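Chains, contacts and geometry: an overview
Listed below, chain by chain, are the residues.
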Amino acid sequence: MSQAMDFLLWTKGPMFTIAMVIFAVGLLARLVEIFVLGRATNYAEPRANEWLPGFRTVLTRTVADPGTFERAPFNVVVGWVWHIGFLMALLLFIPHIELIKGVLGISWPGLANPVIDFFTAVTLLSLVATLVHRMAHPVKRHISTVEDYLVWTIVFLVVLTGYLAYHRLVSPYPLALGMHILCAEIFLIMLPFTKLTHIFTAFIARWYNGAAFGRKGVQS
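All of the points below concern the structure found in this document. (Residues numbered from 1 in each chain as written. Predicted model: local features only at pLDDT ≥ 70, side-chain atom pairs only at ≥ 80, totals over all residues. Heavy atoms only, no water.)

This paragraph deals with helix H10 (residues 173-190). Here H10 contains 18 residues, and its C-alpha end-to-end distance of 26 Å stays within 8% of the 26 Å for a straight helix at 1.5 Å per residue. For H10, every residue scored as buried is listed here: Pro174, Ala176, Leu177, Gly178, His180, Ile181, Cys183, Glu185, Phe187, Leu188 and Met190. (Helix = DSSP H or I, 4+ residues; strand = E, 2+ residues; numbered from the N terminus. Expected span 1.5 Å × (residues − 1). Buried < 20%, exposed > 50% of the residue type's maximum accessible area, 1.4 Å probe, protein only.)

Pasting the structure below:
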């Protein structure tokens, strides 16, 4: 029990600090790369405003168009399900909100534990379905990289260890909670350097695409 508690204290102390520093520095470097180095100056005279088309593209690209849904309904539905479930567990679980409040000083109302528990279970099932679909689909299996499977693994472990800790399915409890915290910290460390960065850059990229087309006077 003492070793499990020491492990928990390590994940909540030194390891948490290391993860947050790597996450913050890595994300800052990625954002600087995008905003300072990633966009060449456009000297052409704009034909229209770029801000509104940019925001319109953010909205239209967030919801799949009918053609995309017809071609890949599984990707759209299951993708939405596990993304929403993951975000709900991350942002609306009261202990997570308390952690964010302790780090950033901001908070908001959370959902009841049974609701979060339900969405966590749905998220786990959706993630498993996503992996099975990726491995069974010949094209997706061919284009999948080690990074794709690594990202899936850490996302799945974050959700799974949280579920196990909440239901106390791993004993002793400090070990279960420490495993969940460590997986979350590995997630943070990986985020700036993998496809997980899309958490922060997806909307930026969508706005930029819409703005670029809007500047030319055409619709994205």
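The next thing to look at is the packing of aromatic side chains. Using the criterion set out here, one finds 7 aromatic pairs in the structure. Judged by centre distance (6.2 Å) and plane angle (80 degrees), the ring pair of Phe93 and Tyr166 falls under edge-to-face. Linking Phe93 in the loop between helix H5 (73-92) and helix H6 (94-104) with Tyr166 in helix H9 (residues 146-166), this pair joins segments that are 73 residues apart in sequence. On the accessibility criterion, Tyr166 (37% relative accessible area) is partly exposed. By the ring-pair criterion, three or more aromatic residues cluster together here, those being Trp82, Phe86 and Phe187. Geometry around Tyr173 places Arg168 over its ring, the cationic atom sitting 4.0 Å from the centre. (Phe/Tyr/Trp six-rings, centres within 6.5 Å; stacked < 30°, edge-to-face > 60°. Lys NZ or Arg CZ within 6 Å of the ring centre and 35° of its normal.)

A cluster of nonpolar residues, Leu87, Leu90, Leu91, Leu99, Val103, Leu104, Ile106 and Trp108, forms a patch on the protein surface that exposes about 690 Å² of accessible area. Residue assignment for the nonpolar patch shows that the elements contributing at least two residues are H5 and H6. Tracing the chain through its elements places Leu87 in helix H5. Exposure remark for Leu87: the relative accessible area of 44% places this residue in the partly exposed category. (Patch = residues over 30% accessible without salt bridge, like charges linked within 9 Å, V, L, I, M, F, W, Y side chains within 5 Å. Areas by Shrake-Rupley, 256 points an atom, 1.4 Å probe, with all protein chains shown as cover. Salt bridge = Lys/Arg side-chain N within 4 Å of Asp/Glu carboxyl O.)

Attention now goes to the pattern of salt bridges. As enumerated under the stated definition, the model contains 3 salt bridges in all. Notably, a salt bridge pairs Glu33 with Arg30, separated by 3.5 Å at the nearest N-O pair. Here Glu33 pairs with Arg30, and both are found in helix H2 (residues 14-37), just 3 residues apart, close to one helical turn. Given the relative accessible area of 26%, Arg30 is considered partly exposed. The salt bridge partner of Asp148 is Lys195, with a shortest N-O separation of 2.7 Å. One end of the pair, Asp148, is in helix H9; the other, Lys195, is in the loop between H10 and helix H11 (198-216), and 47 residues separate them in sequence. On the basis of relative accessibility, which here comes to 13%, the residue Asp148 falls in the buried class.

What follows covers helix H1 (residues 2-12). Along H1, the residues that are buried comprise Ala4, Leu8 and Thr11. Taken around the axis of H1, the buried residues stretch over an arc of 65 degrees, which confines them to a single face. Opposite the packed face of H1, turned more than 90 degrees from it, sit the exposed residues Ser2, Gln3, Asp6 and Leu9. (Arc of directions from axis to C-beta.)

Moving on, we get to the packing of H5 against H6. For the pair H5 and H6, the least separation of the axes is 5 Å and the interaxial angle reads 60 degrees. If you check the angle between H5 and H6, you find them oblique. Contacts between H5 and H6 pair Ala89, Leu90, Leu91 and Leu92 from the former with Ile94, His96, Ile97 and Ile100 from the latter. (Axes fitted to C-alpha atoms, helices over the stretch in contact; angles between N-to-C directions. Parallel < 35°, antiparallel > 145°, perpendicular 65-115°, else oblique. Contact = heavy atoms within 4.5 Å.)

So, on to the nonpolar core. Residues Phe86, Leu127, Ile154, Val155, Val158, Phe187 and Leu196 are the most contacted members of the largest nonpolar core, which totals 20 residues. The set of elements that each furnish at least two residues to this core consists of H2, H5, helix H7 (113-136), H9 and H10. (Core = buried A, V, L, I, M, F, W, Y, C linked by side-chain atoms within 4.5 Å.)

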